[in-house]
Amino acid sequence: MSKLVIVESPAKAKTIRKYLGNGYEVTASMGHIRDLPKSQLGIDVEHGYAPQYINIKGKEKIIKELKTMAKNSDEVFLATDPDREGEAISWHLANLLGLDTQAPQRVTFGEITKKGVTQGMAAPRAIDMDLFNAQQARRILDRLVGYKLSPFLWRKVRRGLSAGRVQSVAVRLIVDREKEIEAFQPEEYWNIDAVLCPPSSTKKFTARLFSTAAGKKLEVKNAEQSQAIVQALQGADYTVSSISRGKRKKTPAPPFITSTMQQEASRRLGFTATRTMRAAQMLYEGVDVAGQGTMGLITYMRTDSLRIADEAVAAAKDFITGSYGEQYVCPYKRTYKSRSATAAQDAHEAVRPTNPALTPDEVEKSVTGDAAKLYRLIWSRFIASQMSDCQQDTVSADIVAADYLFRASGYVVTFDGFTALYEEATDEKEKKETALPPLTEGDVLKLKELKPEQKFTQPPARYTEATLIRALEENGIGRPSTYAPIITTIIDHDYVEREQKKLVPTKLGRVINDLMMEQFPDIIDVTFSANMEKNLDQIENGKADWHKTIDDFYQGFEKNLLRAEEEMKDKKVKVPDEETDEICELCGRKMVIKSGRYGKFLACPGFPECKNTKRLVKDTGGQCPKCGSRVLIRHSKKGRVYYGCEKNPTCDFMTWNEPTAEKCPQCGSTLFKKGGKNGVLLCEKEGCGYSRPAQEKKG
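As recorded in an unreviewed UniProt entry, the protein chain goes by the name DNA topoisomerase 1, listed as coming from Ruthenibacterium intestinale. Per its UniProt entry, the protein chain bears the Sequence similarities (unreviewed entry) comment "Belongs to the type IA topoisomerase family." For the protein chain, the Subunit (unreviewed entry) comment in UniProt is given as "Monomer."

As structure tokens, then:
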């Protein structure tokens, strides 16, 4: 008996082959083998939106080999990924190879381990047509929008543009945020802090002005108010009027789902969503670990579910007991509620290590780079989720001075619990709390310093990849498999660009967004898009018909498109030029940024009288430590950012380290930052050698 198992990738095939042994042949389809044609719509809108699938160009050899292998096998098992996309690949393979889609030939693996593969192979099933139809409906909807809207944008703006059902909503979120920032009016306010000491101690602590002594909330809006309060506090006694003591606990974050994994990898490791998913795919499909062989190190990485298998919880608790002690094990069964997982999606587990006892230190003996870093993050998050709470004693002191009340608060960790291993990073700056010295009601404190400080309210922050993914998830836009492609698409199409990890809309992105807002408000409406995602989930759960879902959308969309064509007949939208400080050496005008076939470039706005163009470079503000010229942002062939001298190739200076605005205190050269938040600032001038921690203050 010969049995053929078909998966998507050679790496996955290699790992599974090891577990199945003799009698099985495992091969890879190399992803999708059929799709809608690129050169035409490929959907019969007049006859039930029937898709016209064709074999993907370049896959002829693989298809021929798969057909031969299937013909020579007694049984064929379709073992593609356990999600909508994987189900679609299996359905296409079944049709291409002449297999019965109702026969029990579909197997799925939640993890690529001996146990996971054995369980999967022991439970073959028919292809899940609801799951496939959900993928098919998404593909058809996206094709209808993209294929019908893109030519409209070509005619009304410029050729080569594209619109997408989900990407357009993501662009809208970024544009709306930018408009909020531009419209923001900062408001002045003042903090007044008192630096105090207990009567019999030299330990200083800070208390902040909170209210009047009578309890009326104070808002200090300007310097005059601040000065009047400081004046009223001259010579006042600072007396502890009340002390509140309590206890609080911090619970660990749940194990990762796709979105939170992408967010945390962005915050902690600086990974893009695409980079995170590439590393996660490698960990799932299998890597070589010394002493273990090839094995999948994590469960399936595209999931909305927070469910954890009982045996994984038990294994984690065994590890915690052995490594940290019994008191560090969560004494009860911790369950986490999934925010958006459908019944079908909840068949998966959360993203976790397949073997909790396999530590990152052990893995890093064999695995390096992104995969090793991501494994440490996934492993730490999962183990911490099964550890005890962090216990803290809190104290809050009210201090009265003249007619004002100051408040100080702090805490002491009495038991570190899960924080001994891992704490979740955040996008917002957290208010720092420290332990207060021993205080007693009635204590008259010594005033060391009274510090009034002018502040201004801040506009909302621009989106980063992490915060955009969170916004998409919270609004129900897209699904685990789509977050990374959405961000890649809007950047590749020049609708959005990255500026120091922030996502900023380009002028083109704003023009497209405004045009879509005016002519196709439904397409970029957050609620409308979220409802469409719910409809796709309904199809997946067998509660909605995919033909009707598409028809309900398309009827309104087609009318909208016809109306927009009529309204904008003979009209064209111009994308404003982005002016730079670069002066055209031929005519003296300020050059502008243009987009062409090969990307952006600088051009003289005096065209056609002046046809001067030059390469677009981005100045970092840093100076070359070799020759003193500008240091520019460059990109490697793989798209990685590095920094090089503008005089290249005459001057060969280049570095992966980011130039900063700071100068070296020893030689005056630009300081470069190496590493992330906890990295170092260093001078790259030959012979200098100056460096210091990045977070350490100057002087």
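With that settled, the discussion passes to unusual backbone geometry. Pro-608 follows Phe-607 through a cis peptide bond whose omega is 10 degrees. Assignment of secondary structure puts Pro-608 in the loop between strand S20 (599-603) and strand S21 (613-615). Going from Asn-648 to Pro-649, the amide bond is cis rather than trans, its omega being 10 degrees. Relative to the helices and strands, Pro-649 is located in the loop between strand S24 (641-645) and strand S25 (654-655).

So, on to the packing of helix H6 (residues 167-183) against helix H13 (residues 465-474). Between H6 and H13, whose axes approach to 11 Å, the crossing angle comes to 120 degrees. Viewed along their axes, H6 and H13 adopt a mutual orientation that is oblique. Here the hand of the crossing between H6 and H13 comes out right-handed. Between H6 and H13, the residues in contact are Ala-170, Leu-173 and Ile-174 and Leu-468, Ala-471 and Leu-472, respectively. When grouped by side-chain class, the residues that make up the contact of H6 with H13 number 6 nonpolar, no polar and no charged.

Bridge analysis of strand S18 (residues 578-583) against strand S19 (residues 590-596) gives 3 bridges, and the strand direction is antiparallel. The residue of S19 that forms the bridge with Glu-579 is Val-592. Between S18 and S19, which pair antiparallel in sequence order, lie 6 residues; one of them, Gly-588, sits at a positive phi of approximately 90 degrees.

All right, on to the nonpolar core then. Counting 138 residues, the largest nonpolar core has Phe-109, Met-261, Leu-297, Ile-298, Leu-374 and Phe-520 as the members making the most contacts within it. Not counting the four nearest positions on each side in its chain, Leu-374 is found in contact with Met-261, Ala-265, Leu-269, Thr-276, Ala-279, Ala-280 and Leu-283. With 23 residues, the next largest nonpolar core counts Ile-192, Ile-229, Ala-401 and Leu-445 among its residues.

Per the UniProt annotation, the sites labelled "site: Interaction with DNA" (unreviewed entry) are His-32, Arg-138, Arg-139, Asp-142, Tyr-147, Trp-154 and Arg-302. An extended arrangement is adopted by the annotated residues: their sequence extent is 271 residues, and the largest C-alpha distance between any two is 34.4 Å. Looking at Arg-139, the relative accessible area reads 23%, which means it is partly exposed. What Arg-139 contacts, discounting residues up to four positions off in sequence, is Asp-35 and Leu-36.

Under the feature "active site" (unreviewed entry), the UniProt entry names Tyr-300. Positionally, Tyr-300 belongs in the loop between strand S12 (293-295) and helix H10 (310-323). By relative accessible area, Tyr-300 is classed as buried at 2%. Sequence-distant contacts of Tyr-300, defined by excluding residues within four places in its chain, comprise Asp-81, Pro-82, Asp-83, Gly-110, Tyr-284, His-348 and Val-351. Here Asp-81 takes part through its side chain, which lies 3.4 Å from a polar atom of the side chain of Tyr-300.

Centre distance and the angle of the planes are the two values used to describe a pair of aromatic rings. Applying the stated criterion to the full structure yields 15 aromatic pairs. Their ring planes at 45 degrees and their centres at 4.7 Å tell us that Tyr-328 and Phe-415 sit as a pair that is tilted. Of this pair, Tyr-328 sits in the loop between H10 and helix H11 (360-363) while Phe-415 sits in strand S14 (residues 404-415); the two residues are 87 residues apart in sequence, bridging distant segments of the chain. Residue classification places Tyr-328 among the buried positions, given a relative accessible area of 13%. Phe-415 sits in the partly exposed class, given a relative accessible area of 21%.

Enumeration according to the criterion identifies 50 salt bridges in this entry. Among the salt bridges present, the one from Lys-3 reaches Glu-75, with a minimum N-O distance of 3.9 Å. Of the two residues, Lys-3 is situated in strand S1 (residues 3-7) and Glu-75 in strand S7 (residues 75-78); the sequence distance between them amounts to 72 residues. Assessed through its relative accessible area of 23%, Lys-3 is described here as partly exposed.

Parameters and conventions
Residues numbered from 1 in each chain as written. Predicted model: local features only at pLDDT ≥ 70, side-chain atom pairs only at ≥ 80, totals over all residues. Heavy atoms only, no water. UniProt positions renumbered as here; feature names shortened; annotations may be inferred. Helix = DSSP H or I, 4+ residues; strand = E, 2+ residues; numbered from the N terminus. Axes fitted to C-alpha atoms, helices over the stretch in contact; angles between N-to-C directions. Parallel < 35°, antiparallel > 145°, perpendicular 65-115°, else oblique. Left-handed = near helix turned anticlockwise from the far one by under 90°. Contact = heavy atoms within 4.5 Å. Nonpolar A, V, L, I, M, F, W, Y, C, P; charged D, E, K, R; others polar. Pairing = 2+ DSSP bridges. Core = buried A, V, L, I, M, F, W, Y, C linked by side-chain atoms within 4.5 Å. Buried < 20%, exposed > 50% of the residue type's maximum accessible area, 1.4 Å probe, protein only. Polar contact = N/O pair within 3.5 Å; in protein donor to acceptor, adjacent residues only side chain to side chain. Phe/Tyr/Trp six-rings, centres within 6.5 Å; stacked < 30°, edge-to-face > 60°. Salt bridge = Lys/Arg side-chain N within 4 Å of Asp/Glu carboxyl O.

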